[in-house]
Amino acid sequence: MIELIPAIDIMNGKCVRLTKGDYGQKTEYNGSPADMARRFERTGFKRLHMVDLDGARAKHIVNIDTLKDVTASTALTVDFGGGIKSDSDIEQAFANGAAMATIGSVSVTDPERCLAWIERYGADRIILGADVRNGKVAINGWQDDSQNDLLPFLDFYAAHGVKNVLCTDVSKDGTLSGPAIGLYRQIMQAHPTLHLIASGGVSSMEDIRELDRAGIPAVVFGKAIYEGKIDLEELWDWQKG
């Protein structure tokens, strides 16, 4: 059964969703991130994916107080990303309750630092953020495209012990247009032992069922919940079987 991971994206301490990573296409939702996290927990979910969008753009963590509010008021296993660029950033994330850190830009711009973090904290606590646009890994809050092709990038990190990969097809994110099933199948064919977390485009229960049928280990979803396209309680009942 696919692992279900609700998401909270944060700007100025509030829950938001962008479309295709465009900071100019922002939708803000009622309720604080901590309120939303408690709702996820009450429903039965155990994991939470949090993204500091301000941090991703500023290239350092910004919304650390929001992370602290969530981890202090829930027992959710939180993976936190966005703006983790320095040793201080990752230490700050873990010190404020994050169980795992999602590392995106640094894995491209400073692979030696990323590998050092994997060695220091353990592969179980590091999630490789492999966000892709037009076949290339996108960085800095998706504002820039690197020259790294996705599959060789994954080959490198898998060879160095990475176990967890979060892959967002940027062209799908926030669009409610369906996930990039073909892309995820391609990744799993190349690296069947990775714990791949699909992200972007989920619009319905059927999308999640399709990912499950394709053998994708986990999925992050956000906008479909906030927009009422998926009912949380129905989703959790399906997860329980």
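Refer to the structure printed above.
These lines cover the structure that appears in this document, whether it is placed above or below. Keep in mind the model is a prediction, meaning the values are calculated, not measured.

**Points about the overall build of the protein**
Helix and strand counts for the protein come out as 11 helices and 13 strands. Relative to its length of 241 residues, the protein is compact, with a C-alpha radius of gyration of 16 Å against a globular reference of 18 Å. Viewed in the frame of its principal axes, the protein has a C-alpha envelope of about 40 × 40 × 35 Å. Out of the 241 residues in the protein, the part that is buried amounts to 57%. Looking at the protein alone, contacts between residues at least 24 apart form 66% of all its contacts between residues at least 6 apart.

**Digging into the environment of Thr74**
If you trace the backbone, Thr74 turns up in the loop between helix H3 (64-73) and strand E5 (77-81). Since its relative accessible area comes to 11%, Thr74 is described here as buried. Taking C-alpha positions, Thr74 is 9.8 Å from Arg39, a pair spaced 35 residues apart along the chain. Every residue in contact with Thr74, bar those within four places of it in the chain, is listed here: Ala37, Arg38 and Glu41. Among the polar contacts listed, one links the side chain of Thr74 to the backbone oxygen of Val70, at a separation of 2.9 Å.

**Considerations on the packing of helix H7 (residues 150-159) against helix H8 (residues 181-190)**
Running from N to C, H7 and H8 point in directions that differ by 35 degrees, and their axes come no closer than 11 Å. Crossing angle aside, the handedness with which H7 passes H8 is right-handed. Side by side, H7 and H8 meet where Leu150, Leu151 and Leu154 of the first sit next to Leu183, Gln186 and Ile187 of the second. For the contact of H7 with H8, the class distribution of residues is 5 nonpolar, 1 polar and no charged.

**Some thoughts on the pairing of strand E7 (residues 126-129)**
Of the two faces of E7, the one holding Ile126 and Leu128 and the one holding Ile127 and Gly129 are both buried throughout. As paired strands, strand E6 (residues 100-103) and E7 are joined by 3 bridges and run parallel to one another. Residue pairing for E7: Ala101 is matched across the bridge by Ile126. In terms of strand pairing, E7 meets strand E11 (residues 164-168) through 3 bridges, oriented parallel. Residue pairing across strands places Leu128 opposite Val165, the latter belonging to E11.

**Description of unusual backbone geometry**
Backbone geometry places Asn12, a non-glycine residue, at a positive phi of 50 degrees. With relative accessibility at 60%, the residue Asn12 sits in the exposed group. Despite not being glycine, Lys59 has its phi angle at roughly 70 degrees, a positive value. Residue Lys59 is classed as partly exposed on the basis of its relative accessible area, which comes to 46%.

**Looking at helix H1 (residues 33-43)**
All of the buried residues in H1 are Pro33, Ala34, Met36, Ala37, Phe40 and Thr43. At its buried positions, H1 is contacted by strand E1 (3-11), strand E2 (14-19), strand E4 (47-52), H3, helix H10 (223-226) and helix H11 (232-240).

Procedures and definitions
- Residues numbered from 1 in each chain as written.
- Predicted model: local features only at pLDDT ≥ 70, side-chain atom pairs only at ≥ 80, totals over all residues.
- Heavy atoms only, no water.
- Helix = DSSP H or I, 4+ residues; strand = E, 2+ residues; numbered from the N terminus.
- Rg over C-alpha atoms; globule rule 2.2 N^0.38 Å.
- Buried < 20%, exposed > 50% of the residue type's maximum accessible area, 1.4 Å probe, protein only.
- Contact = heavy atoms within 4.5 Å.
- Polar contact = N/O pair within 3.5 Å; in protein donor to acceptor, adjacent residues only side chain to side chain.
- Axes fitted to C-alpha atoms, helices over the stretch in contact; angles between N-to-C directions.
- Left-handed = near helix turned anticlockwise from the far one by under 90°.
- Nonpolar A, V, L, I, M, F, W, Y, C, P; charged D, E, K, R; others polar.
- Pairing = 2+ DSSP bridges.

Distances and angles like these do not, on their own, reveal function.
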